[in-house]
Amino acid sequence: MSVRPDIQARLDALDEMLAHWLAHTRHPAQFWPQFEQLAAEIVDQCAHTEREHARAHITAMLKRHALELPLWHERDGSLPPRKPEA
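Given the structure is predicted, the values throughout are model-derived calculations rather than measurements.

Q: Explain the packing of aromatic side chains residue by residue, including any values.
A: Describing an aromatic ring pair means giving the distance of the ring centres and the angle of the ring planes. Following the criterion strictly, the structure yields five aromatic pairs and no others. Considering the side-chain rings of Trp21 and Phe35, the 6.4 Å spacing of their centres and the 90 degrees angle between planes classify their relative orientation as edge-to-face. In this pair, Trp21 sits in helix H1 (residues 5–24) while Phe35 sits in helix H2 (residues 28–45), placing the two residues 14 residues apart along the sequence. With a centroid separation of 6.0 Å and 90 degrees between ring planes, the pair formed by Trp32 and Phe35 is classed as edge-to-face. In this pair, Trp32 and Phe35 both sit in helix H2, three residues apart, roughly one turn of the helix. As far as the burial class goes, Trp32 and Phe35 line up, both buried. Members of the aromatic cluster, each reached through a chain of ring pairs, are Trp21, Phe31, Trp32 and Phe35.

Conventions and cut-offs
- Residues numbered from 1 in each chain as written.
- Predicted model: local features only at pLDDT ≥ 70, side-chain atom pairs only at ≥ 80, totals over all residues.
- Heavy atoms only, no water.
- Phe/Tyr/Trp six-rings, centres within 6.5 Å; stacked < 30°, edge-to-face > 60°.
- Helix = DSSP H or I, 4+ residues; strand = E, 2+ residues; numbered from the N terminus.
- Buried < 20%, exposed > 50% of the residue type's maximum accessible area, 1.4 Å probe, protein only.

On their own, these measurements won't tell you what the molecule is for.
Written out as structure tokens, the structure reads:
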């Protein structure tokens, strides 16, 4: 299954921005929140049948840049778990 042209265009734009971000981000903690938000917005705009393709595209783009998704990326739509407050 492929995705609609507008979704594919957004995935391609995210892929193009990735190299620039990595070159200019001082620490991974600055990169992941922004990337995750933009990637999640794209996936949220997908029809249910498009989500698997979009997630595979995101995983492939990160692999091309030798990055791995944080463990909480593959989630059920909820936010990443927070550390318990002391």
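We are not done yet, so read on.
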